[in-house]
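# Breakdown of the fold
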Amino acid sequence: MSKTIIRSIFAIFFARLAINVSRRFPYPFVSPIGAAFGVPANSIQNVIALTNGAGLFSPFFGTLSERYGKKMVMVGALVMMTALSVLAAVFADYGIFVIVMFGFVLGKIIYDPTFQAYIGDVIHFSRRARVMGIAELSWALSLVIAAPVAGFLLDVSTLQAIFVFLAILLGTSTIVFWLLVEPAQGKTHQGRPRIMNPLSAIRVVSAHPPAVFALVFTVCLTASHEIFYINYGLWMEDSFGLVLTALGAVTIVIAAAEVIGEFIVITMADRFGAKRTTMCGMLIAAILFLVIPNLTFSLPAAMFGIFLIFISIETAIVSALPLFSEILPQSRAVMMSANVGAHSLGRVAGGALGAIIYKFSDGNFLLIGLVAGGLGLVAFLVMLRLVPAGGNHQS
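Residues numbered from 1 in each chain as written. Predicted model: local features only at pLDDT ≥ 70, side-chain atom pairs only at ≥ 80, totals over all residues. Heavy atoms only, no water.

Right, let's talk about the overall build of the protein for a bit. A tally of regular secondary structure across the protein gives 16 helices and zero strands. Computed over the C-alpha atoms, the radius of gyration of the protein is 21 Å, within 12% of the 21 Å expected from 2.2 N^0.38 for a compact globule of 395 residues. Along the first, second and third principal axes, the C-alpha set of the protein runs to 65 × 55 × 35 Å. By residue count, 53% of the 395 residues in the protein fall in the buried class. When contacts within the protein are restricted to residue pairs at least 6 apart in sequence, those whose partners lie at least 24 apart make up 86%. Within the structure as shown, the protein displays about 16600 Å² of accessible surface, and the carbon and sulfur contribution to it stands at 70%. Charge centroids of the protein, computed over 23 positive and 16 negative side chains, lie 14 Å from each other. (Helix = DSSP H or I, 4+ residues; strand = E, 2+ residues; numbered from the N terminus. Rg over C-alpha atoms; globule rule 2.2 N^0.38 Å. Buried < 20%, exposed > 50% of the residue type's maximum accessible area, 1.4 Å probe, protein only. Contact = heavy atoms within 4.5 Å. Areas by Shrake-Rupley, 256 points an atom, 1.4 Å probe, with all protein chains shown as cover. Lys, Arg positive; Asp, Glu negative; His and termini not counted. Charge placed at Lys NZ, Arg CZ, Asp CG, Glu CD.)

Next up on the list: the side chain of Ser 138. Of note, Ser 138 is situated in helix H7 (residues 125–156). Of note is the side chain of Ser 138, whose polar atom sits 2.9 Å from the side chain of Arg 16. Among the polar contacts made by the side chain of Ser 138, one reaches the side chain of Asn 20 at a distance of 3.4 Å. Not counting the four nearest positions on each side in its chain, Ser 138 is found in contact with Phe 13, Arg 16, Leu 17 and Asn 20. (Polar contact = N/O pair within 3.5 Å; in protein donor to acceptor, adjacent residues only side chain to side chain.)

The interhelical angle for the contact between helix H6 (residues 94–122) and helix H8 (residues 159–180), taken along N-to-C directions, is 25°, at an axis separation of 14 Å. Comparing their axes, H8 and H6 come out roughly parallel. The interaxial crossing formed by H6 with H8 has left-handed handedness. Contacts between H6 and H8 pair Phe 97, Val 100, Phe 104 and Tyr 111 from the former with Phe 163, Leu 166 and Phe 177 from the latter. Within the contact of H6 with H8, the residues separate by chemical class into seven nonpolar, no polar and no charged. (Axes fitted to C-alpha atoms, helices over the stretch in contact; angles between N-to-C directions. Parallel < 35°, antiparallel > 145°, perpendicular 65-115°, else oblique. Left-handed = near helix turned anticlockwise from the far one by under 90°. Nonpolar A, V, L, I, M, F, W, Y, C, P; charged D, E, K, R; others polar.)

With that out of the way, let us pick up the packing of helix H5 (residues 70–90) against H8. It is at 8 Å that the axes of H5 and H8 come closest, and there the two elements cross at 160°. The orientation of H5 relative to H8 falls into the category roughly antiparallel. Relative to H8, the crossing made by H5 is left-handed. Residues Lys 71, Met 72, Met 74, Val 75, Leu 78, Val 79, Met 81, Thr 82, Ser 85, Val 86, Ala 88 and Ala 89 of H5 pack against Gln 160, Phe 163, Val 164, Leu 166, Ala 167, Leu 170, Gly 171, Ser 173, Thr 174, Phe 177 and Trp 178 of H8. In terms of residue class, the contact of H5 with H8 is made up of 16 nonpolar, six polar and one charged.

Summed over the entire model, instances satisfying the criterion amount to 16 aromatic pairs. Arranged with centres 5.7 Å apart and planes meeting at 90°, the rings of Phe 25 and Phe 163 form a pair that is edge-to-face. Here Phe 25 is found in the loop between helix H1 (3–24) and helix H2 (30–37), whereas its partner Phe 163 is found in helix H8, with 138 residues between them in sequence. For Phe 25, a relative accessible area of 2% puts it in the buried group. Accessibility expressed as a relative area gives 1% for Phe 163, which makes it buried. For the pair Tyr 111 and Phe 177, a centre-to-centre distance of 6.2 Å together with 65° between the ring planes defines the contact as edge-to-face. Of this pair, Tyr 111 sits in helix H6 while Phe 177 is found in helix H8, placing the two residues 66 residues apart along the sequence. Members of the aromatic cluster, joined through ring pairs, are Phe 228, Tyr 229, Tyr 232, Trp 235, Phe 240, Phe 289, Phe 310 and Phe 365. Arg 276 extends its terminal NZ or CZ atom over the ring of Phe 272, reaching a point 6.0 Å from the ring centre. (Phe/Tyr/Trp six-rings, centres within 6.5 Å; stacked < 30°, edge-to-face > 60°. Lys NZ or Arg CZ within 6 Å of the ring centre and 35° of its normal.)

None of the figures reported here should be taken as evidence of function without further support.
Here you go:
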């Protein structure tokens, strides 16, 4: 890779790290944030839950880079988030907080598929998984920054101090991005760029079967994980009676698994093949969904199984990104935006289905594991039979 591309990737990574810090800081501090606004903690939880579903609207923003170029779209998202941070730092109001949190998730669902498409434009497919894996490390590292910094600022100051920190971090990343990132010279932007509206973008994706099957894979993967994810805490409470211990251990498990999964993609996916890596991660996760409900005899065994699930799911998600970026090479941002929407759809559907199964089965975790494992196997088979291996297009 040239020095210009390396500088661009660094700036993209730094900006995404700032964006992810803005998304992850509220999770450990729901109670003090609620107290700062004089609202119940569950009000803050509801805001977080609603913003998590906002990714469903990502496909409607996938055409922005067709109009304005990928660099300008990413800069616009960063400028918007910087301005929102300043707004929240100035006004200590719950209504402003809600608007700002929705603005943050809007910025993320615009930035993420655009940067993935940008990497698809400038990095050859044979090296793309490594670069995307490195970029995805910003998600895991953001938790390492967000939790201690937000905790310290809440301890010595007020919630507004966190937004001052975010404004500085996002503002700095915007400047670095503007100075270092070169505009992508992809085929889409040679000559006069194509102008797409959201409806035509949907038609482009739906008319290409591999793209549709890729989105089916994403929905099934995310739904299977969410069905398990929203219920395993209740299962551990019933099985082991160690709620606080389990929650504390799982926080460590999630952070460690994210990093390990991303490093697996960085070190193996280009060599082993992105499709094979994705399939291996998905198959292991599906099997573990079926096995873990039978591990009630041992807390360490259950925790190790959960640890492996997070590694496998993270590996499958991240290694699929370079694969999907090659499915519609002339409309990468549109495809990657659709994939973000599919993730949100799977998360919402999986959460709802998981709650329904738990309620009507009286907490039968064997059934929950069976449904999650079944969906995981469907995702594996879709990837195996219906999603192309990629690498046929030059970038």
